[in-house]
Amino acid sequence: MAMGSIGDTLWDVVICGTGLQQSLLALSLSRSGKNILHIDPNDYYGGAEAAFSLQEAESWVDRLATEDKGLFRSASITKPDVVGLSFPRAYSLALAPQLIHARSELLSQLVSSRAYRQVEFLAVGSFYIFKAPVGPEQQPSLVRIPSTREDVFSTTAISAKAKRGLMKFLRFVLDYDSPEQRDAWKPFADKPLVDFLQEHFKMDTELKTYIITLTLSLDGRITTEDGLFIVHRHLTSMGHFGPGFAALYPKWGGISEIAQVACRAGAVGGAVYMLGAGIKSMETATDEIELELTSGDKVKTKLLVRGDESVGDEPSISRLVAVVDSPLKTLFESTVDGAPTPCVAVVALPPGSLTTPGEANTDPVYVFAHSSGTGECPNGQSVLYLSTMVTPNSKEILSRSLESLLSAVDPDRVPQCLYQLYYEQAAGVKQSRLDGLILDLPGPSLSLLMDDASLNHVREAWKKVVGGAVDDAEYMVFTDREPVDDDDYE
Amino acid sequence: MADTNAPKPSSSVKLVLLGEAAVGKSSLVLRFVNNDFQENKEPTIGAAFLTQKCNLPTRTIKFEIWDTAGQERFASLAPMYYRNAQAALVVYDLTKPTSLIKAKHWVAELQRQASPGIVIALVGNKLDLTSDSAGSAEASGGGDDNAEDSGDARKISTDEAKAYAEEEGLLFFETSAKTGHNVTEVFTAIANAIPETSLKSARGPGASHAGVSRTEEQRVNLNGPRDLDAKEGCAC
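Residues numbered from 1 in each chain as written. Chains lettered and ligands numbered in written order. Predicted model: local features only at pLDDT ≥ 70, side-chain atom pairs only at ≥ 80, totals over all residues. Heavy atoms only, no water.

- Looking at an unreviewed UniProt entry, one finds chain B named GTP-binding protein YPT52, with Neurospora crassa as its source organism.

- Chain A has the name Rab proteins geranylgeranyltransferase in an unreviewed UniProt entry, where Neurospora crassa is given as its organism.
- Regarding chain A, the UniProt comment filed under Sequence similarities (unreviewed entry) reads as follows: "Belongs to the Rab GDI family." (UniProt positions renumbered as here; feature names shortened; annotations may be inferred.)

### What about the overall build of chain B?
Piece 1. Scanning chain B from N- to C-terminus turns up seven helices and seven strands.
Piece 2. The secondary structure elements of chain B, listed N-terminal to C-terminal, are β-α-β-β-α-β-α-β-α-β-α-α-β-α.
Piece 3. Burial analysis of chain B (236 residues in total) assigns 51% to the buried set.
Piece 4. In chain B, the proportion of contacts linking residues at least 24 apart, taken out of those at least 6 apart, comes to 70%.
Piece 5. If you sum the accessible surface of chain B, you get close to 10,700 Å²; carbon and sulfur atoms cover 50% of it. (Helix = DSSP H or I, 4+ residues; strand = E, 2+ residues; numbered from the N terminus. Buried < 20%, exposed > 50% of the residue type's maximum accessible area, 1.4 Å probe, protein only. Contact = heavy atoms within 4.5 Å. Areas by Shrake-Rupley, 256 points an atom, 1.4 Å probe, with all protein chains shown as cover.)

### Comments concerning the overall build of chain A
Piece 1. For chain A, the count of helices and strands is twelve helices and 22 strands.
Piece 2. The principal-axis extents of the C-alpha atoms in chain A amount to approximately 75 × 60 × 55 Å.
Piece 3. Buried positions account for 58% of the 490 residues belonging to chain A.
Piece 4. Surface summary for chain A: the accessible area is close to 19,900 Å², and the carbon and sulfur share equals 48%.
Piece 5. The averaged location of the 65 negative side-chain charges in chain A is 4 Å from the averaged location of its 43 positive side-chain charges. (Lys, Arg positive; Asp, Glu negative; His and termini not counted. Charge placed at Lys NZ, Arg CZ, Asp CG, Glu CD.)

### Observations regarding the packing of aromatic side chains
Each aromatic ring pair is specified by the distance between its two centres and by the angle formed by the two planes.
Piece 1. Enumeration over the complete set of coordinates arrives at 20 aromatic pairs over all chains.
Piece 2. On the numbers, 5.8 Å between centres and 45 degrees between planes, the contact of F172 of chain A with F196 of chain A is tilted. Residue F172 of chain A is located in helix 5 (residues 160-174), and its partner F196 of chain A is located in helix 7 (residues 193-201); the two are separated by 24 residues in the primary sequence.
Piece 3. Classification of F196 of chain A by relative accessible area gives buried; the value is 0%.
Piece 4. Ring geometry for F32 of chain B against F63 of chain B: centres 6.1 Å apart, planes inclined by 75 degrees, an arrangement best described as edge-to-face. Here the residue F32 of chain B occupies a position in helix 1 (residues 25-34), and F63 of chain B occupies one in strand 3 (residues 60-66), the gap between them amounting to 31 residues. (Phe/Tyr/Trp six-rings, centres within 6.5 Å; stacked < 30°, edge-to-face > 60°.)

### Points about a negative patch on the surface
Piece 1. A surface patch of like charges, here negative, comprises D190, E225, D226 and D451 of chain A.
Piece 2. Mapped onto the elements, D190 of chain A comes out in the loop between helix 6 (179-185) and helix 7. (Patch = residues over 30% accessible without salt bridge, like charges linked within 9 Å, V, L, I, M, F, W, Y side chains within 5 Å. Salt bridge = Lys/Arg side-chain N within 4 Å of Asp/Glu carboxyl O.)

### With respect to the packing of helix 1 (residues 20-28) of chain A against helix 12 (residues 453-466) of chain A
Residues and elements named next belong to chain A.
Piece 1. In the contact formed by helix 1 and helix 12, the axes pass within 9 Å of each other and the chain directions differ by 45 degrees. Considering their axes alone, helix 1 and helix 12 lie oblique with respect to each other. With respect to the hand of their crossing, helix 1 and helix 12 are arranged in right-handed fashion. Listed contacts from helix 12 to Q21, L24, L25 and S28 of helix 1 are S454, L455, H457, V458, A461 and W462.
Piece 2. Along the lines of polarity and charge, the residues of the contact of helix 1 with helix 12 split into six nonpolar, four polar and no charged. (Axes fitted to C-alpha atoms, helices over the stretch in contact; angles between N-to-C directions. Parallel < 35°, antiparallel > 145°, perpendicular 65-115°, else oblique. Left-handed = near helix turned anticlockwise from the far one by under 90°. Nonpolar A, V, L, I, M, F, W, Y, C, P; charged D, E, K, R; others polar.)

### Section: the pattern of salt bridges
Residues and elements named next belong to chain A.
Piece 1. Applying the stated criterion across every chain yields a total of 26 salt bridges over all chains.
Piece 2. For K251, the salt bridge is made with E120, and the minimal N-O distance between the two is 3.8 Å. One end of the pair, K251, is in the loop between strand 10 (247-250) and helix 10 (255-268); the other, E120, is in the loop between helix 3 (105-112) and strand 8 (121-131), and 131 residues separate them in sequence.
Piece 3. Of the residues examined, K251 reaches a relative accessible area of 8% and is grouped as buried.
Piece 4. A salt bridge links R182 to D177, with the nearest nitrogen and oxygen atoms 3.4 Å apart.
Piece 5. A relative accessible area of 43% means that D177 is categorised as partly exposed.
Piece 6. Each of R306, D308, R433 and D440 takes part in salt bridges that share partners, so that together they form one network.

### Remarks on the sheet that holds strand 2 (residues 13-16) of chain A
Residue and element names in this part refer to chain A.
Piece 1. With respect to topology, six strands assemble into an open sheet ordered 11-3-2-15-22-21, the strand pairing being mixed. Each edge of the sheet is formed by a strand with only one pairing partner; in this case those strands are strand 11 (272-275) and strand 21 (433-435). Across this sheet, the average inter-strand angle for adjacent strands is 15 degrees, counted without regard to direction.
Piece 2. The sheet contact formed by strand 2 and strand 15 (residues 304-307) spans two bridges and is parallel. Counterpart to V14 in the pairing with strand 15 is L304.
Piece 3. Lying on the sheet, helix 1 is in contact with strand 2, strand 3 (36-40), strand 11, strand 15 and strand 22 (438-441); it crosses strand 2 at an angle near 150 degrees.
Piece 4. In the packing of helix 12 onto the sheet, the strands contacted are strand 2, strand 21 and strand 22, and the crossing angle to strand 22 comes to about 165 degrees. (Pairing = 2+ DSSP bridges.)

### Quick word on helix 11 (residues 394-409) of chain A
All names here are of chain A.
Piece 1. Taking 1.5 Å per residue, 16 residues should reach 22 Å; helix 11 reaches 22 Å between its end C-alpha atoms and fits that length.
Piece 2. Of all the 16 residues making up helix 11, twelve are buried; the element is thus mostly covered by neighbouring parts of the structure.
Piece 3. Restricting attention to buried positions, one finds in helix 11 the residues S394, I397, L398, R400, S401, L402, S404, L405, L406, S407, A408 and V409. (Expected span 1.5 Å × (residues − 1).)

### Some details on the sheet that holds strand 4 (residues 87-93) of chain B
Residue and element names in this part refer to chain B.
Piece 1. Read from one edge to the other, the open sheet built from six strands follows the order 2-3-1-4-5-6, with strand pairing classed as mixed. A strand with exactly one partner marks an edge of an open sheet, and here the two such strands are strand 2 (49-55) and strand 6 (171-174). Averaged over all adjacent pairs, the angle separating strand axes in this sheet is 25 degrees, with direction ignored.
Piece 2. Strand direction decides the pairing type here: strand 4 and strand 5 (residues 119-125), joined by seven bridges, are parallel. Among the inter-strand pairings, D93 is bridged to a residue of strand 5, identified as N125.
Piece 3. The strands touched by helix 1 are strand 1 (10-19), strand 2, strand 3, strand 4 and strand 5; relative to strand 2, the strand with the most contacts, the crossing angle is about 50 degrees.

### Here we look at the side chain of E20 of chain B
All names here are of chain B.
Piece 1. Within the secondary structure, E20 is located in the loop between strand 1 and helix 1.
Piece 2. Overall, E20 belongs to the buried group, its relative accessible area being 16%.
Piece 3. If near-sequence neighbours (up to four positions away) are discounted, E20 is found in contact with K25, E72, V91, K96, T98, S99, K102 and W106.

Here it is, written out as structure tokens:
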């Protein structure tokens, strides 16, 4: 580590940005002996995956209003005129909450790199479908999706015939990549999964909704190949780290927490960290780049790794973060003996299910409900994260979805909303790009599920920095730096 | 380090280190944890955290001591560093006035970022460089070699720092990581100052009626069921 001026060192790599990918790169290089300067133009960690206190959220919204670039737009904060909001730092609102399947490659890397020890993982509990009221006297309701065989047997929500259909599908998915099953779905590989479910399993709308909800597909049109992969991963993740849950969520703000832990591992390995320092200008020579930072420092590096912040081809999404004054207890009940109390629940509002005055939703709306166990809000409150595809009225759709959901959770005492943060996020580019000494990692994913594909770009960047013949088997495999003492009796 | 007495309730306490570079933060920890001291120690890299137990008459406190890993240099410590810290050691070098100014900044930062109930100890290190000590003129850690010839390099009076500490409600000690003077006392004082009610994740005897935090049953263990069984077996 250079304790002198940062301008005196010829850095092996300057990493700009502390989003998930750049932070994982820092983690992967933390034992490489490379000279690493890790900067971020923001004064917080996590980039597009950051978690904000209410105060930070406010300055973020203010800043977006003045600078018209990047992936975020149309951000606004609404505080209804009700009491109950706690102090700003009691909240940690995630900009891009993602669920992580227990069998995700990300978790394997966090375990093999030992970084997982500093992250508190929480269980994601039930997935629910929102049901519009049937008659004028009726209330909307939530139906829990059965997602294991035991669940399917015991549920009373679906008919015996539907149960048989669902069981047949679950058996198929568990084995979907075997040669004999592949013949069945390959012709549908690039077609929507709903079409395959219809053609091959003759599923009714309800069952199709169950399956699509498990994929968290934002437009509901996920391809058969991608969809089967996700449902398979969901089913095989169930029970992997304990009974009753298939996915996890890091406490205190999700991916943001992983970024911070990865950056800390980078620092412990000797990397120098500077927040509030972006790249003002650069000059490229044959084998080094000179960067002028917004902090005024001038630094030289052999390689620059950034995150691509340009807008990609795929559609944008609308997001609404709402703090409500209720623990929403019924959403977070564990359904299996010995299961950890879940802190996250998922509710899907299928297309057309929004029946309050106004247009119905044409795309699904997904809601992640987070209990105070996530550390994102004080006791007695919850945070709801709503996402849907951007349409001319998606903001209004999200706001009506929130109202409908709250009245479905507790019709007797409809929880009140204390705070709302709305914004739209454009999709980034999906490929990394190497141009001389500059490597741009892809933009942040809009997916509501951690997408392992993005991890490959980090691994490629690691290879580029480490250089020479590197062994993939050594990637992210570290021993604990300190003796581990899980046991209080020595 | 086997404790042959009947096991007492044991709790983990996260303690964060703060202070200007080269004031002797890591040296204090090294003295506390290993009863060791290294002259001209290199700036700290490679240590994420160290643990050390502190035995009190009625309970055992297990300190989990988080080092800054050099991230104090550009004030780039992440929220996860401060979060849930129940104690902080803010260190200055009592031969270096700027280091107390810096320490005051860190106290303000803790008051802004950390949990409201955090126990903060202000520690003036390198007491061995002053005439109060038995007179060694070598630096007491942190790699600062600017020892003065007079035998008293003190630039910050005890009264000044103490008055500030009292004003802010901080514990206050002057230490020498080099001689070990007052080092254990700092940690014992912190351990005593941590309110019983804020102790979480208590395990072992007493844990069952100490109201184990709900976080324990929510947390998922990525070590897998094997380790989980071992832990349960141990706590029986």
